Amino acid sequence: MAQQQIPSASFFDSLRYNLVQTLPVYTQGLFTRNKFWVSFWTKLDSDARAVRHVAHLRRKYGAYVYLSVGGNKTLLVLDHAGVEHVLKNSPGTYASDPDAKRRGMSHFQPGALTISRGAEWQDRRQFNEAVIGEGLTEDEYSGRFVEIVRREAESLTARAGRTIVWNDLAEAFDAITLQVIFGTEARDDRTLLTRLRKMMRESNRVFALGKSRHFDAFYSAVSNYLKSPHERSLTFLTRQVPSDEDTRVANQIPHWMFAMSETLAANTARTLALIVAEPLAEKRVREEMARSDLSTQQGIDKLKYLEACVQEAMRLWPTTPLLMRKTIEEDSIAGVAVPRGTQVIINNTFNHRDKETHPFADRFEPELWLEGEANNYSFNHLSNGPQVCAGKHMALFIAKAFIAALLDKGRYTLGEPALDTARPLPHMYNYYKIKLLSS
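Everything numeric here is computed off the predicted structure, so don't read it as measured data.

### Details of a negative patch on the surface
A cluster of acidic residues, Glu138, Asp139, Glu140, Glu185 and Glu231, forms a negative patch on the protein surface. Structurally, Glu140 can be placed in helix H7 (residues 139-160). Among the residues examined, Glu140 registers a relative accessible area of 49% and is labelled partly exposed.

Below you can see the structure in the form of structure tokens.
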């Protein structure tokens with residue numbers, strides 16, 4: 001970058017950014033989604049407006065620009081090298097706990113990995129990776145997880161009949177989440193998820209967060225599961241992985257819960273919509289399924305094209321639209337100093353749909369993920385670098401197992417919202433309104 005300092009956007013450009021990006025993201029829910037606002041902003045196609053405005057900012061100011069976001073001076077990073085630099089140096093130089101995120105997450109999961117730093121982050125990262133990793137590599141666990149997923153997919157088709165809607169998918173993923181994390185005996189403990197979601201809805205406002213009235217009851221229930229864990233569950237594995245008081249085991253679990261239920265359900269719903277809307281993709285998925293034993297971990301692992309479809313749905317509609325960081329020491333990007341305490345944004349909404357950089361941006365192109373795009377720092381729906389999602393492989397595994405189990409039971413057409421994969425895909429897809437029709 002030729003200039004010796006990073007330019008600042010005009011008052012009106014910052015204002016417009018907040019109106020087309022910050023406000024929609026905030027009202028839809030920073031930690032758990034609000035159905036009304038998701039539908040509202042989807043109708044207005046706010047993500048498309050945000051993409052156009054950020055493209056304007058890059059043309060006008062270059063790849064790095066300071067904005068005023070929520071009253072904070074914020075560096076927007078808009079090139080591949082800059083994004084890679086930030087993520088490769090997270091959380092050491094670029095901490096993943098800017099003030100708003102820390103306040104919100106501390107309300108329902110204080111001590112969580114995602115808002116940790118230094119030695120605590122290292123300890124909690126190793127713990128999360130070990131527990132979730134063992135859950136996938138130990139046959140007795142992964143086999144049980146596949147069994148759970150297949151059973152819940154079968155239960156869904158039995159109760160939904162000929163039409164599957166969002167509530168059916170959400171209910172199935174709630175049941176999967178409770179059983180994978182806490183054991184099959186916890187399948188119907190919906191109170192646990194309800195309490196967590198109530199705290200997350202409180203956290204959405206970010207400010208005026210006193211202790212939640214749901215906090216003690218929620219963590220008391222989690223502690224009981226940890227004291228007497230059910231076999232072949234992630235909580236059972238926590239006893240086999242080294243930890244101490246600083247690990248704060250109970251505080252790591254809420255992230256597993258919401259990532260595996262609401263977030264993964266949304267990503268899976270969108271993937272299903274894309275597959276059944278694109279005959280060639282569905283044909284290829286079914287051919288791959290026919291070559292695999294869908295009742296085993298090994299069979300699910302072989303579904304590489306289906307995994308690519310899941311990744312591509314996440315790229316097209318990232319459930320994490322923005323990655324927020326904060327410099328905890330002075331740094332330099334492209335030869336220009338970035339002061340300590342600077343808030344930094346990596347804009348997934350824009351980067352994933354940047355047609356000037358990626359001609360395929362608005363197309364459904366799962367082949368990309370078979371060709372190495374998984375290591376492309378342009379696409380960070382599961383983050384990248386040292387802070388890549390610790391549960392990435394578990395999330396992809398469960399999504400694949402569920403989709404394969406559902407498609408193995410029958411064929412579906414997409415009722416709504418409609419998708420035409422021959423045309424540029426919409427910037428937003430309202431999974432709350434999804435309707436799959438048995439054919």
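### Describing the pattern of salt bridges
Two side chains with opposite charge may pair up if their charged atoms get near one another. The final tally for this structure, using the stated rule, is 27 salt bridges. Note that Arg58 and Asp354 form a salt bridge whose closest N and O atoms lie 2.8 Å from each other. Here Arg58, found in helix H3 (residues 46-61), pairs with Asp354, found in the loop between helix H16 (348-351) and helix H17 (392-409); they are 296 residues apart in sequence, far enough to count as distant. Both residues of the pair, Arg58 and Asp354, count as buried. In this structure, the salt-bridge partner of Glu312 is Arg315, at a minimum N-O distance of 2.7 Å. Taken together, the positions of Glu312 and Arg315, both in helix H15 (residues 304-316) and three residues apart, correspond to about one turn of that helix. Assessed through its relative accessible area of 0%, Glu312 is described here as buried. Bridged by salt links that share partners, the residues Arg58, Arg59, Asp354 and Glu356 form one connected network.

### A short note on the side chain of Glu202
As for its placement among the helices and strands, Glu202 is situated in helix H9 (residues 190-203). One buried charge, Glu202, has no salt-bridge partner; the nearest side chain with opposite charge is Arg213, at 5.5 Å. The residues contacting Glu202, other than those within four sequence positions of it, are His107, Leu209, Ser212 and His214.

### Some points on the pairing of strand S1 (residues 64-69)
Counting buried positions along S1 yields five of six residues, so the element is predominantly enclosed. Counting the residues that bridge the hairpin from S1 to strand S2 (residues 72-77) gives two residues, and of these Gly70 lies at a positive phi of roughly 60 degrees.

### Thoughts on the sheet that holds strand S3 (residues 94-95)
With mixed pairing, the five strands of this open sheet are ordered in space as S1-S2-S8-S5-S3. Edge positions in the sheet fall to S1 and S3, since each has one partner strand and no second. Pairing analysis gives five bridges linking strand S5 (residues 322-327) to strand S8 (residues 343-347), with the strands arranged antiparallel. Its bridge partner lying in S8, Arg325 is registered against Val344. Sheet strands touched by helix H4 (residues 80-88): S1, S2, S3, S5 and S8. Its angle to S8, the strand with the most contacts, is close to 120 degrees.

### Some words on the sheet that holds strand S10 (residues 435-438)
As summarised here, the arrangement of the three strands in space is S4-S10-S9, forming an open sheet in which the pairing is antiparallel. The open sheet has two free edges, formed respectively by strand S4 (163-165) and strand S9 (412-416), since each of these has just one partner strand. Here the strands of the sheet are splayed against their neighbours by 25 degrees on average, with no regard to which way each runs. Relative to S10, S4 is paired through three bridges, and the arrangement is antiparallel. Across the sheet, residue Ile164 finds its bridge partner in S10, namely Leu436.

### Here we look at the nonpolar core
The biggest cluster of nonpolar side chains holds 100 residues, and the ones touching the most others in it are Trp166, Leu234 and Phe402. At 17 residues, the largest contribution of residues to this core is made by helix H12 (residues 249-277). Those residues in contact with Leu234, other than ones at most four positions away along the chain, are Val131, Gly135, Phe145, Val180, Ile181, Trp256, Met260 and Met394.

### A short note on the packing of aromatic side chains
Considering all chains together, one arrives at 18 aromatic pairs under this definition. Taken together, a centroid distance of 5.3 Å and an interplanar angle of 80 degrees make the contact between Phe11 and Phe12 edge-to-face. Both residues of the pair, Phe11 and Phe12, belong to the exposed class. Aromatic ring contacts, followed pair by pair, group Phe36, Trp37, Phe40 and Trp41 into a single cluster. Positioned above the aromatic ring of Tyr66, the side-chain terminus of Lys73 is 4.4 Å from the ring centre. Lying over the aromatic face of Phe379, Arg315 brings its terminal NZ or CZ to 5.7 Å of the ring centre.

### Notes on a nonpolar patch on the surface
Where nonpolar side chains cluster on the molecular surface, the patch consists of Phe11, Phe12, Leu15, Leu19 and Leu23 and spans about 540 Å² of accessible area. Checked against the element boundaries, Leu23 lands in helix H1 (residues 11-28). Judged by relative accessible area, which is 37%, Leu23 ranks as partly exposed.

### Quick look at the packing of H7 against helix H8 (residues 166-182)
Running from amino to carboxyl end, H7 crosses H8 at an angle of 155 degrees, the nearest separation of the two axes being 10 Å. One way to sum up the angle between H7 and H8 is to call them roughly antiparallel. By crossing handedness, the relation of H7 to H8 is classed as right-handed. Here Phe145, Ile148, Val149, Arg151, Glu152, Leu156, Arg159 and Ala160 of H7 come into contact with H8, specifically with Asp168, Leu169, Glu171, Ala172, Ala175, Ile176, Gln179 and Val180. Of the residues in the contact of H7 with H8, the class split is 10 nonpolar, one polar and five charged.

Calculation criteria
- Residues numbered from 1 in each chain as written.
- Predicted model: local features only at pLDDT ≥ 70, side-chain atom pairs only at ≥ 80, totals over all residues.
- Heavy atoms only, no water.
- Patch = residues over 30% accessible without salt bridge, like charges linked within 9 Å, V, L, I, M, F, W, Y side chains within 5 Å.
- Areas by Shrake-Rupley, 256 points an atom, 1.4 Å probe, with all protein chains shown as cover.
- Salt bridge = Lys/Arg side-chain N within 4 Å of Asp/Glu carboxyl O.
- Lys, Arg positive; Asp, Glu negative; His and termini not counted.
- Charge placed at Lys NZ, Arg CZ, Asp CG, Glu CD.
- Helix = DSSP H or I, 4+ residues; strand = E, 2+ residues; numbered from the N terminus.
- Buried < 20%, exposed > 50% of the residue type's maximum accessible area, 1.4 Å probe, protein only.
- Contact = heavy atoms within 4.5 Å.
- Pairing = 2+ DSSP bridges.
- Axes fitted to C-alpha atoms, helices over the stretch in contact; angles between N-to-C directions.
- Core = buried A, V, L, I, M, F, W, Y, C linked by side-chain atoms within 4.5 Å.
- Phe/Tyr/Trp six-rings, centres within 6.5 Å; stacked < 30°, edge-to-face > 60°.
- Lys NZ or Arg CZ within 6 Å of the ring centre and 35° of its normal.
- Parallel < 35°, antiparallel > 145°, perpendicular 65-115°, else oblique.
- Left-handed = near helix turned anticlockwise from the far one by under 90°.
- Nonpolar A, V, L, I, M, F, W, Y, C, P; charged D, E, K, R; others polar.

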